[in-house]
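Chain and residue survey
What follows is the residue order along each chain.
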Amino acid sequence: MQDTFLRWQTADREHVETPEAWLTKVLTNLCLNRLTSARARRETYVGQWLPEPVFAGDRMLGPSETAEQRESVSIAMLTLMERLSAQERAVYVLREAFGYTHGEIAGMLDLSEANSQQVYRRAKQHLATERRRPTVDAAAARKIVEEFLAAALSGKTDSLVRLLTDDAIAVGDGGGVVFSVPEPITGALRVARFLRTLFKPTDAKWEMIGGRPELFAVVANGVPALVLVVGDRVAGVFALDVTADGIAAVHAQANPGKLARATRQWAGSAPGEPLTGDW
């Protein structure tokens, strides 16, 4: 946005017939350039990649959170978006989020209108596998997270297996800074065993994240989440992808570089009382 503004300041605005179209085209092209370089960096990323956590009430969601807004920042949707090409992502966002016509998008991206329509259809097909999740509020999220935490701290694999779907998956992002599993763990029993080990308290774990954490339940990326807070810093976020059949995925974000925004938001929030549980 800042780069777009600087270019607008130096542009010959007398020859700009439609400022909105000019600004949108410049901004879109700058985003495409940034997205291409980000994708190149991600190819050398250490371990699994997950998007940053977005807590309910984050300003990026706008003054009123709608189902569509929650869906747009869900980990499942953001992960699927990463699989789109830069062009597919640009066309999809311009069409879905901003409502531009294919004729307008074609002009912004130097495509034909027919090509824009084709790219949009392809992007929608890639994203069609995303399943709608039930809406959760803070009270429902706390109840789900409390049940998950109790099972994880029980040390009993069976307690966790009962909460998980048969095809459950666990993914961790430590960014090469904090230890995390290098590949996704799949299957209820394997995920339960992993979580049982992960939630077994040891001094080495506290040292790795900078101290013994307080545990909180929030809504993050539209789903119930367990937040680990050390002092005034968010040290980890476990987002629980809940379906009618149970917890389908546990996404653990522990990369400090991806928790800076969450820490800033946490400092200005009122998270309530921490969860009980000796971890």
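The name given to the protein chain in an unreviewed UniProt entry is RNA polymerase sigma-70 factor (ECF subfamily), and the organism recorded there is Amycolatopsis lexingtonensis. In its Sequence similarities (unreviewed entry) section, the UniProt record describing the protein chain reads: "Belongs to the sigma-70 factor family. ECF subfamily."

Quick look at the nonpolar core now. Ranked by size, the top nonpolar core spans 31 residues in total, and within it F148, F199, L226 and I247 carry the most contacts. Of all the secondary structure elements, the ones that give two or more residues to this core are α8 (138-154), β1 (164-173), α10 (188-198), β3 (214-220), β4 (223-230), β5 (233-243) and β6 (246-253). Considering each element in turn, this core owes the most residues, 5 residues, to α8. What I247 contacts, discounting residues up to four positions off in sequence, is F148, L163, L164, T165, A168, L240, D241 and V242. In terms of nonpolar packing, the next biggest core, distinct from the first, is built from 20 residues, V91, Y92, L111 and L127 among them.

Let us look at the packing of helix α5 (residues 86-96) against helix α6 (residues 102-109). Closest axis-to-axis distance for the α5/α6 pair is 10 Å, and the angle between their directions is 140°. Between α5 and α6, the interaxial angle falls into the category oblique. Both α5 and α6 take part in a crossing whose hand is right-handed. Contacts between α5 and α6 pair A90, V91, L94 and R95 from the former with H102, I105, M108 and L109 from the latter. Of the residues that constitute the contact of α5 with α6, the class distribution is 6 nonpolar, 1 polar and 1 charged.

On to the sheet that holds β1, then. Strand order in the open sheet formed by 6 strands is β2-β1-β6-β5-β4-β3, with mixed pairing between adjacent strands. One side of each edge strand has no neighbouring strand; the edge strands of this open sheet are β2 (185-186) and β3. Pairing of β3 with β4 involves 7 bridges; the strand directions are antiparallel. Across the sheet, the residue bridging to A217 is L226, located in β4. The sheet contacts of helix α12 (residues 260-267) involve β3, β4 and β5, and relative to β5 the element is tilted by about 95°.

This paragraph deals with the packing of α5 against helix α7 (residues 113-127). Two numbers describe how α5 lies on α7: the axes approach to 8 Å, and their chain directions differ by 95°. On the basis of the axis angle, α5 is roughly perpendicular to α7. Residue-level inspection shows Q87, E88, V91, Y92, R95 and E96 of α5 in contact with α7, the latter providing S116, V119, Y120, R122, A123, K124, H126 and L127. A breakdown of the residues in the contact of α5 with α7 according to their chemical character gives 6 nonpolar, 3 polar and 5 charged.

What follows is about the pairing of β1. Successive side chains on a regular strand alternate, one facing one side of the sheet and the next facing the other. Across the 10 residues of β1, 7 count as buried, placing the element largely inside the fold. One ladder, built from 6 bridges, connects β1 with β6; its direction is parallel. In the strand pairing of β6, I169 is matched with A249. Relative to β2, β1 runs antiparallel, the two sharing 2 bridges.

On to the pattern of salt bridges, then. Considering all chains together, one arrives at 4 salt bridges under this definition. Note that K258 and D173 form a salt bridge whose closest N and O atoms lie 2.8 Å from each other. In this pair, K258 is assigned in the loop between β6 and α12 and D173 in strand β1, connecting sequence segments 85 residues apart.

Another point: the confidence of the model for the protein chain. Per-chain confidence: the protein chain averages 85 in pLDDT, with 87% of residues scoring 70 or above. Taking the mean pLDDT of every element in the protein chain, the minimum, 58, falls on helix α3 (residues 67-72) and the maximum, 95, on helix α9 (residues 157-161).

An ideal rise of 1.5 Å per residue puts 24 Å on 17 residues; α8 measures up with 24 Å between its terminal C-alpha atoms. Along α8, the residues that are buried comprise A141, V145, F148, L149, A151 and A152. Mapping the buried residues of α8 onto a view down its axis gives an arc of 165°, with all of them on the same face. Counted as exposed and oriented over 90 degrees from the buried face of α8: A139 and K143. Of the surrounding elements, those touching the buried residues of α8 are α9, α10, β3, β4, β5 and β6. The residue sitting at the N-terminus of α8 and contributing the capping side-chain oxygen is D137; that oxygen lies 3.3 Å from the backbone nitrogen of A139. Positioned one or two residues after α8, G155 has a phi angle of 80°, which is positive.

Calculation rules
Residues numbered from 1 in each chain as written. Predicted model: local features only at pLDDT ≥ 70, side-chain atom pairs only at ≥ 80, totals over all residues. Heavy atoms only, no water. UniProt positions renumbered as here; feature names shortened; annotations may be inferred. Core = buried A, V, L, I, M, F, W, Y, C linked by side-chain atoms within 4.5 Å. Buried < 20%, exposed > 50% of the residue type's maximum accessible area, 1.4 Å probe, protein only. Helix = DSSP H or I, 4+ residues; strand = E, 2+ residues; numbered from the N terminus. Contact = heavy atoms within 4.5 Å. Axes fitted to C-alpha atoms, helices over the stretch in contact; angles between N-to-C directions. Parallel < 35°, antiparallel > 145°, perpendicular 65-115°, else oblique. Left-handed = near helix turned anticlockwise from the far one by under 90°. Nonpolar A, V, L, I, M, F, W, Y, C, P; charged D, E, K, R; others polar. Pairing = 2+ DSSP bridges. Salt bridge = Lys/Arg side-chain N within 4 Å of Asp/Glu carboxyl O. pLDDT = per-residue confidence, 0-100. Expected span 1.5 Å × (residues − 1). Arc of directions from axis to C-beta. Polar contact = N/O pair within 3.5 Å; in protein donor to acceptor, adjacent residues only side chain to side chain.

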